[in-house]
Amino acid sequence: MTISEKMYQIAKSLNQLNSNGEVKAFTGNEKGYAKVIDIIRGMSVLVIYSPASMDDKLIISLDFTESVVKKDRITVENTIAKFKKVFNTQEIKEYTLQLVGNKSIRTRNYFDVTNESLENILQFIENIMINFKDDLIKLLIKDSSGKETICYLPTKADIEFAESQLRQSPDEVIGIKAVLDQVELNYMEAEERLKENWRYITERNIELWFVKNK
């Protein structure tokens, strides 16, 4: 699978394709990106294909602005430590950049996943979502009164747990609707809100998580 194909599948699984069904790009110097989560305003985890300073690389990056560091250095340091823990490696690299048309300076801590399989990359992304679940504001929405509410997308672990709750025998075939209904019930009982189109996104994710390429 080429890097472009991996980037497309990753962006699709995160519901991050543009209105034309294509991978988004910051500038003409980059071949694509998809946002995984926003930790706090000005600090995000992204999957990026070929940043301007690195040709033909696919990375998972923790990006944050200079202003975030000035406002909350402790949160930044804790987030970097948590991000590194996801990969369990010392191969995290760092550099600073200034995006075209953007006055703010960004620091980028990243892990090179160019040679990783799509399955492994999606697992990294899932681990990030799980580890940052309590911090997650990627799905921060506002109602008509302007009140902000956090909502979530189910992870692979959520699907597996829901299926285990429904399964009565090892060879039982459980339909996807029943599994998603159980996921919804679990989130309701936890008093956590799901993203409005979570079913559509999760069905696409399930195809990537559980259907092996033939």
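For the structure itself, consult the block above.
The present account deals with the structure reproduced in this document. Every value quoted in this text rests on a predicted model; they were computed, and no experiment measured them.

## Notes on the overall build of the protein chain
Of regular secondary structure, the protein chain possesses seven helices and eight strands. Burial status across the protein chain gives 42% buried among its 214 residues. Relative to all contacts within the protein chain whose residues are 6 or more apart in sequence, the contacts with residues 24 or more apart total 52%. Accessible surface computed for the protein chain: about 12,400 Å², of which carbon and sulfur atoms make up 46%.

## Brief notes about unusual backbone geometry
Phi is positive for Asn15, which is not a glycine, with a value near 55°. Relative to the elements of secondary structure, Asn15 occurs in the loop between helix H1 (3-13) and strand S1 (32-40).

## Quick word on helix H3 (residues 73-87)
Its 15 residues place the ends of H3 22 Å apart at the C-alpha level, agreeing with the 21 Å of an ideal helix rising 1.5 Å per residue. Of all the residues in H3, the buried ones are Val76, Thr79, Ile80, Phe83, Val86 and Phe87. The buried residues of H3 occupy an angular sector of 115° when the element is viewed end-on, so they sit on one face. In H3, the exposed positions angled more than 90 degrees off the buried face are occupied by Ile74, Asn78 and Lys85.

## Describing the nonpolar core
One finds Ile10, Ile60, Ile125 and Ile128 to be the most contacted residues of the largest nonpolar core, which totals 35 residues. Looking at this core, the elements that each hand over two or more residues are H1, S1, strand S2 (43-49), strand S3 (58-65), helix H2 (66-71), H3 and helix H4 (118-131). What Ile125 contacts, discounting residues up to four positions off in sequence, is Ile10, Leu14, Val36, Val47 and Ile60. Among the nonpolar cores identified, the runner-up in size contains 14 residues, and Val179, Tyr187, Trp198 and Trp209 belong to it.

## Some thoughts on the packing of helix H6 (residues 176-189) against helix H7 (residues 198-210)
Contact pair H6 / H7: the axes reach a minimum separation of 11 Å and the direction vectors enclose 125°. Looking at the two axes, H6 sits oblique to H7. The handedness of the crossing between H6 and H7 is right-handed. Mapping the contact onto sequence places Ile176, Lys177, Leu180, Asp181, Val183 and Glu184 in H6 and Trp198, Arg199, Thr202, Glu203 and Ile206 in H7. Classifying every residue of the contact of H6 with H7 by side-chain character gives five nonpolar, one polar and five charged.

## Some words on the pattern of salt bridges
Counting across every chain of the model gives seven salt bridges. Notably, a salt bridge pairs Glu163 with Arg167, separated by 2.6 Å at the nearest N-O pair. A cluster of three or more residues bridged by salt bridges with shared partners is formed by Lys177, Asp181, Glu184 and Arg199.

## Observations regarding H6
Along its 14 residues, H6 runs 20 Å from first to last C-alpha, staying within 8% of the 20 Å computed at 1.5 Å per residue. Positive backbone phi, approximately 60°, marks Glu191, located one or two places after H6.

Parameters at a glance
Residues numbered from 1 in each chain as written. Predicted model: local features only at pLDDT ≥ 70, side-chain atom pairs only at ≥ 80, totals over all residues. Heavy atoms only, no water. Helix = DSSP H or I, 4+ residues; strand = E, 2+ residues; numbered from the N terminus. Buried < 20%, exposed > 50% of the residue type's maximum accessible area, 1.4 Å probe, protein only. Contact = heavy atoms within 4.5 Å. Areas by Shrake-Rupley, 256 points an atom, 1.4 Å probe, with all protein chains shown as cover. Expected span 1.5 Å × (residues − 1). Arc of directions from axis to C-beta. Core = buried A, V, L, I, M, F, W, Y, C linked by side-chain atoms within 4.5 Å. Axes fitted to C-alpha atoms, helices over the stretch in contact; angles between N-to-C directions. Parallel < 35°, antiparallel > 145°, perpendicular 65-115°, else oblique. Left-handed = near helix turned anticlockwise from the far one by under 90°. Nonpolar A, V, L, I, M, F, W, Y, C, P; charged D, E, K, R; others polar. Salt bridge = Lys/Arg side-chain N within 4 Å of Asp/Glu carboxyl O.

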